[in-house]
Number of protein chains: 2
Amino acid sequence: MRSRIECKDCASNKCFVKQNCFGESLANISSKKNDNFNKKGDVIFREGNTMRGIYFIMHGAVKVATSSPIGREQVVRLASDGDILGHRVLGNDKYYFNAIALSDTHVCFVETSVFKETCLSSPEFAYRLLLFYALELRRTELRVKYHSQMNIREKVAEAFVYLNEIFGIDPDKKTLNVELSRKEIADIAGTTPEQVTRQLNDFEEEKLILRTKRDIQILNAEGLENIVRNYKIN
Amino acid sequence: MRSRIECKDCASNKCFVKQNCFGESLANISSKKNDNFNKKGDVIFREGNTMRGIYFIMHGAVKVATSSPIGREQVVRLASDGDILGHRVLGNDKYYFNAIALSDTHVCFVETSVFKETCLSSPEFAYRLLLFYALELRRTELRVKYHSQMNIREKVAEAFVYLNEIFGIDPDKKTLNVELSRKEIADIAGTTPEQVTRQLNDFEEEKLILRTKRDIQILNAEGLENIVRNYKIN
DNA sequence: CGCGTCCTTGAACCGCGTCAAGCCAGGTGG
DNA sequence: CCACCTGGCTTGACGCGGTTCAAGGACGCG
């Protein structure tokens, strides 16, 4: 999977930053950053707030979602260790989505000016950022396709594949490394909690997953991926 | 609107590159680029092809879409003068979508190596690219939200708002600066040609648009934007 | 034990995609 | 100049998938 280096600023031994991303560059500006620690459910930033900088996730799970007072919220992105939040910082704008911690999280805040300076003085850093953006953009474009063409079965499968891709599965317990309610899964898949339940029934019958208490064990991740992949063929 | 500078490499007087984007930097590498001229409907690159470089649109209208042999194709992005195509070039990958000309188009091809070199030697250039990516990413994330939450009426309205944003409206004829079939509009909105027709009926009753022959005149662009904006509130 | 929260399940409704027929405009050939 | 053909647009009817609503169940917590 991802190669990682340990984070020096955090007590947790689960605290890493992706080596292939911003680890070293971040060390250079470490004197000018702020560390924030969030509990599960905390809002890291909120739609409409003025951007003051960019966040690096040192460790933890975060969802970026639209706020919608009534009814569904839509998760547009999942992020974890080493990812960045608040992309549009460069354009001196407002945040367009809410970032909410899905687990206890350690993020590192860097002010816009410092960030811009770092980009301009270090082409290496800017280039890495470009790679990050390019990957993220592709992922998001794919999701546009998925959400406009897939049926519910495929969307729910895709949600689990996406969750696995970003957060991974605990090798012992076989569960995702985040705990999510039906509603939260539905918000990622773009449907309702009831539909998620029904799909989980089907997946269980097909031995792709197993439900124990509130937990969902992923028995056959490949099977779920196949549902997504088979869709692609059409 | 967008400020632009004239393009030196093309006979057409409609040929521009966005000034706030890559104009000057592009001039620096002009000795190493290739100019391509495409007719409406031409495929600029195709899903699965190996990426050899990146394309700058000097002038013209382009859609980036999924290929799907049976049925719907989904447009994930619209692009015009000064935009770039083939983002993932940096990662030495394959193209994930098809790029198809929606009008006669002049694109400029730059090889990956040249492009990377330019990024690394010119932080200014890389930084501008970052801004471009950040904007594009936000736009795409919004589209994920739209496509998973909007109803047909809103999606079709959003398609026209998006088309207006990227290609603009002819001030005299009041029509979009691209000609699109019902199917093509449907592929952007993520629905079927029949539904597009039905929504156009409604929009015409509400005096938002007017259909003359095959043309669609946008009488009240703001009205269409309001449909999209009012949705956002919920 | 009782309460609250989340999950599950069934049933009803409805929006939207699908299918099919008819229409209109432009192009072609007699 | 008209008859015919073709391809895209329009319109109505129908059926399915998915959302919504409501009731019941499981679990955790005080």
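A brief structural summary.

Procedures and definitions
- Residues numbered from 1 in each chain as written.
- Chains lettered and ligands numbered in written order.
- Predicted model: local features only at pLDDT ≥ 70, side-chain atom pairs only at ≥ 80, totals over all residues.
- Heavy atoms only, no water.
- Buried < 20%, exposed > 50% of the residue type's maximum accessible area, 1.4 Å probe, protein only.
- Helix = DSSP H or I, 4+ residues; strand = E, 2+ residues; numbered from the N terminus.
- Pairing = 2+ DSSP bridges.
- Near = heavy atom within 4 Å.
- Nonpolar A, V, L, I, M, F, W, Y, C, P; charged D, E, K, R; others polar.
- Expected span 1.5 Å × (residues − 1).
- Contact = heavy atoms within 4.5 Å.

**Quick look at the pairing of strand S7 (residues 75-79) of chain B**
Residue and element names in this part refer to chain B.
1) Next: With 5 of 5 residues buried, S7 is to be regarded as a mostly interior element.
2) Next: Sheet topology note: the strand S6 (residues 62-65)/S7 ladder contains 4 bridges and is antiparallel. Bridge pairing links Val 62 to Ala 79 in S7.

**Description of the protein's contact with DNA strand D**
1) Next: Lining the immediate surroundings of DNA strand D are 15 residues, of which Thr 191 and Gln 195 of chain A together with Arg 182, Asn 201 and Arg 211 of chain B lie closest.
2) Next: The share of sugar and phosphate among atoms of DNA strand D within 4 Å of the protein is 66%.
3) Next: Per element, the largest residue contribution to the surface near DNA strand D is 4 residues, and it comes from helix H6 (residues 193-205) of chain B.
4) Next: Split into classes, the residues belonging to the surface near DNA strand D amount to 1 nonpolar, 7 polar and 7 charged.

**A closer look at helix H3 (residues 123-149) of chain B**
1) Next: In this model H3 of chain B runs 39 Å from its N-terminal to its C-terminal C-alpha over 27 residues, within 8% of the 39 Å that 1.5 Å per residue would give.
2) Next: Counting buried positions along H3 of chain B gives 23 out of 27 residues, so the element sits mostly inside the fold.

**Topic: helix H5 (residues 182-189) of chain B**
Residue and element names in this part refer to chain B.
1) Next: Of all 8 residues in H5, 6 are buried, a share of seventy percent or more.
2) Next: For H5, every residue scored as buried is listed here: Glu 184, Ile 185, Ala 186, Asp 187, Ile 188 and Ala 189.
3) Next: Contact partners of the buried residues in H5: S6, S7, H3, helix H4 (152-167), H6 and strand S12 (215-218).
4) Next: Downstream of H5 by one or two residues, Gly 190 has phi in the positive range, about 80 degrees.

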